[in-house]
Structures are given as structure tokens and as C-alpha cells.
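An overview of the molecular structure
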Amino acid sequence: MILRFLGAQWFAVGFMGVISLVVSVIIARTLGPDLFGTYAVVLSGGAIAAILLDGGFGRLLQREHAHPTAGLQTFFAVLPQAALGHVLVSATVLSLLAVAIFPQQALTVVVAIWFYAASVMNQFGLSILRGEGRMVRDASWQIGNRTFTATCVGIAALLGVGQPWQIFLAQFIGAIAFALLIMRFLRMGPLWKIPSAVYAATLPFVWLDLATALYFRADMLLLEWFDVSKFEVGKYGVAYRLIEAVVLFASPVGLILFRKFRLGIGAPRKMLREMIPALIGAQLIGIVLAISIMLFSEPVIDLVYGKAYFGAHDLLSVLGIAFVFLLPNGVLIQAALALELERWCAVSATIAAVANVGGNVLVIPSYGPLGSAWMTVATEVILGCAVGAGVWYRCRRGNAREETS
């Protein structure tokens, strides 16, 4: 069963990884380094806005459909509707704020917000399927969603678009079309009056996601803040896109581990036995990836993005080192969330985010994007130590309870 789930998920991830890479290349070649730098900055800011659009409902839906929490059983049936109502209201509010705060880039930012809103709607449906363990259908929905958005980007490129907002609009059209199909299938309608108890349950997840997004995306925003040339930001952006494409391949394992850990929440000792081999395997894979990227970063950048992005391979080589810590951190975070340590994860991510932002402020003026790449590696080390300490303590306390009982 697990192999069937992994096979379906990896096929979907492989399909999405290839398509996402192709789309990224199309966008990079269509816009050029300068405009791609602008696109990458808005994309980073939009990813942070997506956390507010999600409102923690994605993680909550997945957790509750895997193993319901006693305190939320009364609201279980309306959670999808509450999630949909939240994202629609949040997108409207954020759009109004964008017009007021970023008048010169209002069109690009607003279209990006609604693209992310449509993407979040799709993720709600996927979260329900993942919580229920329906990984094969989840994989098919991922493929369908990415096909819709990629097709729209391809059509836009053929039509000769040349502005970032046009690229975001194309992706929005594809995402909202598929979101409407999902809502029809799940028979979802928005719930406008959301109970306070539901929001209380989502807040730790919002905190966690915001802190995580901050240290993942703050580097791009700070590079722009320090007026680093858009050409350099563009090179950093394409290197980071390749890293994200590889991370995408590891995500199905995390989904399966979370459900496995969550269903075994009553036996911490067994969970620990299952977690240690996963941690070791993740770190070994990370080491292999880091070495491979160091050896082949230059030809990969030249082949994928072209000579216009010469120099991005140095950034890719440094970012690749983060895999040694990033992949094991994924295992630790899934274990922590399964153990209901979302607040501890949020605190850990906050510590990592503060270290990342502070470090980038110090290194960007002198080292530019290369300094940001090294700060990415350091941030993963800090996050792993913090989350690992929480999981170890919880498992140790759980083992003590098992022995006394």
C-alpha cells in the first residue's frame, strides 16, 4: 500500500517538478533577468501572503481528517466551508491593502494575491485527501491543477506577454478553473461566520507557516530592500527555484510519515524507532545531493537557463549544502506536528527566522546573494536543533509514561 501511495505521489511530483521547471524556464526566458527579478520578488512576497490566505486551515484539515481532535468534533463538518470563506475574505482584504501600500506595483501584486488564493483553495481539497490517506486521488488532483496552470502560462508565452502581472494572471486562470472543479466535487460552499474556536485551533499553524515562510522568503525581499541589482536577484531566484524543485520530490515522503506518526501518537517509543531510520536516510540523501550539485551546478544552470544567468551556479552550489540539514528537518517537523507540538515548531521556526533575517541584514551589504545562500544553510542547522530538541523531549516523556503504565 505504501509503495502504491509513494509511486502515485512520486509520479505526480515528477510530473509537477518537470512541468514547474519548464514553466520557470519559460518565464525566465520570456521576462529576462531584470523582469524575472521583479517576478521573483513578488512571488516571494505572495508566498508570505498565501500563509494568511490559508489561515492554518490546510494543516488543520489534514490533521483532523487523519485523527480528529476531541475539541473540534462539533465543527468537523463545517471546516472545509470555513476554510473557503476565510480565503475569499482574506484575498479581498489583502487586495485592498496592496492597492494602498504598493500603488506602483498594485496590478502585479493584486493579481498575484488572487493567484495564490486560487492555489490555496486547491490545497484545501488536497489536505482533506491527504488526511484521509487517499494519496492516489491526491496525486491525480495535483497533476490536474499543475496542468491547468502550466497550459495557461504556455498560451500566455505564445501570445507574447512581457510583464510579470500577465504571467500571474495566466496562472490564476488555470488555478481558479481547477479550484471550481474541486469545490463542485467536494460540494463546498463558503461559510462566512467562522466560530472562534476554529480560529483558535488554526492560529498555531498560521504562526508556524509565517515563521517558516519568513526565513524561506525573507532573503529575496531583503536583497530587494538593500537595492541589490535585479540581475543578481534574478540569478539567486533561478538557483532557488532549482532547490525548490528538488524539495518537491521529498514532499510525498513527508505526507506519508505525518499520517503514520499521527496514527501512532499513542506509542511514542514506536514512533521514535520509526523516526530514526528516516532521519538517517534523509541525511544520507542530503549529502549525496549536496555533492552532486557542487559537481554539476555550472552545466545545469547553463543548460536550463542559458548563458544569461552565468554565475548562478556558485549560488546553487552553496544552497545545495542546505539539503544535508533540510531533508532531516522535514522528518523532524512531521513528527513534531503528529505529536501536536505545533506551538514548539512555531517557536523553533521563529528562532530560525530571526536568525535568518538578522544574518541577512549583516551579510547582504558585503556579500550580496552569496551571503544569503550561506544564511540559508545556517538557518536549517538552527531549525533542526530546535525542533529536534522538542521531539526528543516529548518522546522521552512519552516513553516514561509508557513504562509507568
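Summary of the structure given here. Fair warning: this is a prediction, and the values are worked out from it, not measured in the lab.

Here we come to the overall build of the chain. Each helix and strand counted, the chain has 13 helices and zero strands in total. For the chain, the α and β elements follow one another from N to C terminus as α-α-α-α-α-α-α-α-α-α-α-α-α. Its C-alpha atoms give the chain a radius of gyration of 21 Å, near enough to 22 Å, the size a compact globule of 405 residues would have. On the principal axes, the C-alpha backbone points of the chain span a range of 65 × 45 × 40 Å. In the chain, buried positions account for 54% of the 405 residues.

Glancing now at the pattern of salt bridges. Taken as a whole, this structure holds six salt bridges when the rule is applied. Here Glu 342 and Arg 63 are joined by a salt bridge, their closest N and O atoms 3.2 Å apart. Linking Glu 342 in helix H12 (residues 342–367) with Arg 63 in helix H2 (residues 57–66), this pair joins segments that are 279 residues apart in sequence. Here the two residues Glu 342 and Arg 63 agree in accessibility, since each one is buried. For Arg 134, the salt bridge is made with Glu 132, and the minimal N-O distance between the two is 2.9 Å. A relative accessible area of 34% means that Arg 134 is categorised as partly exposed. Classification of Glu 132 as partly exposed rests on a relative accessible area of 31%. Taken together, the salt bridges that share partners define one network made up of Arg 63, Glu 64 and Glu 342.

Let us look at a nonpolar patch on the surface. A surface patch of nonpolar side chains, amounting to about 740 Å² of accessible area, comprises Ile 276, Ile 280, Leu 284, Ile 287, Ile 291, Leu 295, Phe 296 and Val 300. By the secondary structure assignment, Leu 295 is in helix H9 (residues 268–305).

This part is about helix H5 (residues 135–158). Spanning 24 residues, H5 covers 34 Å between terminal C-alpha atoms, matching the ideal 34 Å at 1.5 Å per step. Positive backbone phi, approximately 85 degrees, marks Gly 160, located one or two places after H5.

For Glu 340, which is not a glycine, the phi torsion comes out positive at approximately 65 degrees. Here Glu 340 lies in the loop between helix H11 (323–338) and H12. With relative accessibility at 38%, the residue Glu 340 sits in the partly exposed group.

This next bit is on the packing of aromatic side chains. In this structure the tally under the stated criterion is eight aromatic pairs. Ring plane angle 50 degrees and centroid distance 5.3 Å describe the contact between Phe 115 and Tyr 116, whose orientation is recorded as tilted. With respect to class, Phe 115 is no different from Tyr 116; both count as buried. Ring-pair connections join several aromatic residues into one group, and the members of that group are Phe 36, Tyr 39, Phe 115, Tyr 116 and Phe 168.

Let us look at the layout of surface pockets. By volume, the second largest pocket amounts to about 630 Å³. If you trace the second largest pocket, you find 21 residues lining it, with Val 42, Gly 45, Phe 102, Val 109 and Leu 221 closest to the centre. Sorting the residues of the lining of the second largest pocket by element identifies helix H1 (2–54), helix H3 (79–101), helix H4 (106–131) and helix H7 (196–225) as the ones contributing at least two each. With seven residues, the top contributor of residues to the lining of the second largest pocket is H1. Here the lining of the second largest pocket is built from residues that sort into 14 nonpolar, five polar and two charged.

Moving on, we come to the packing of H2 against H7. Where H2 contacts H7, the axes come no closer than 8 Å and their chain directions differ by 115 degrees. As for how H2 packs across H7, the hand of that crossing is right-handed. Contacts between H2 and H7 involve Phe 57, Arg 59, Leu 60 and Arg 63 from the former and Val 198, Tyr 199, Ala 201, Thr 202, Phe 205, Leu 208 and Asp 209 from the latter. Split into classes, the residues belonging to the contact of H2 with H7 amount to seven nonpolar, one polar and three charged.

Right, let's get into the side chain of Ser 127. Structurally, Ser 127 can be placed in helix H4. Filtering out sequence-adjacent residues up to four positions away, Ser 127 remains in contact with Gly 58, Leu 61 and Gln 62.

Take the side chain of His 86 next. You can see His 86 is positioned in helix H3. For His 86, the contacting residues outside a window of four places in its chain are Leu 52, Leu 53, Asp 54, Gly 55, Phe 57, Ile 194 and Tyr 199.

You can see Phe 216 is positioned in helix H7. Once the C-alpha coordinates of Phe 216 and Ser 44 are considered, the two residues, 172 residues apart in sequence, prove to be 8.6 Å apart.

Mapped onto the secondary structure, Phe 75 falls in the loop between H2 and H3. Between the C-alpha atoms of Phe 75 and Pro 195, which are 120 residues apart in sequence, the distance is 8.3 Å. Contact partners of Phe 75, with chain neighbours within four places excluded, come to Pro 195, Ala 197 and Val 198.

One way to put it is that H4 packs onto H5 with a least axis distance of 8 Å and a crossing angle of 165 degrees. The angle between H4 and H5 places the two elements in the roughly antiparallel class. Our pair here, H4 against H5, has a crossing hand that is left-handed. In this structure, H4 contributes Asn 122, Gly 125, Leu 126, Leu 129 and Arg 130 to the contact, and H5 contributes Met 135, Arg 137, Asp 138, Trp 141, Gln 142 and Asn 145.

Structurally, Asp 138 is set in helix H5. Given a relative accessible area of 0%, Asp 138 falls into the buried group. Along the sequence, Asp 138 and Val 246 sit 108 residues apart, while their C-alpha atoms lie 20 Å from each other. Those residues in contact with Asp 138, other than ones at most four positions away along the chain, are Gln 9, Leu 126, Leu 129 and Arg 130.

Cut-offs and rules
Residues numbered from 1 in each chain as written. Predicted model: local features only at pLDDT ≥ 70, side-chain atom pairs only at ≥ 80, totals over all residues. Heavy atoms only, no water. Helix = DSSP H or I, 4+ residues; strand = E, 2+ residues; numbered from the N terminus. Rg over C-alpha atoms; globule rule 2.2 N^0.38 Å. Buried < 20%, exposed > 50% of the residue type's maximum accessible area, 1.4 Å probe, protein only. Salt bridge = Lys/Arg side-chain N within 4 Å of Asp/Glu carboxyl O. Patch = residues over 30% accessible without salt bridge, like charges linked within 9 Å, V, L, I, M, F, W, Y side chains within 5 Å. Areas by Shrake-Rupley, 256 points an atom, 1.4 Å probe, with all protein chains shown as cover. Expected span 1.5 Å × (residues − 1). Phe/Tyr/Trp six-rings, centres within 6.5 Å; stacked < 30°, edge-to-face > 60°. 1 Å grid on protein atoms, 1.4 Å probe; cavity = no way out; pocket = protein on both sides within 12 Å on 5 of 7 lines; lining within 4 Å. Points joined across faces, edges and corners; volume = space filled by probe spheres on them. Nonpolar A, V, L, I, M, F, W, Y, C, P; charged D, E, K, R; others polar. Axes fitted to C-alpha atoms, helices over the stretch in contact; angles between N-to-C directions. Left-handed = near helix turned anticlockwise from the far one by under 90°. Contact = heavy atoms within 4.5 Å. Parallel < 35°, antiparallel > 145°, perpendicular 65-115°, else oblique.

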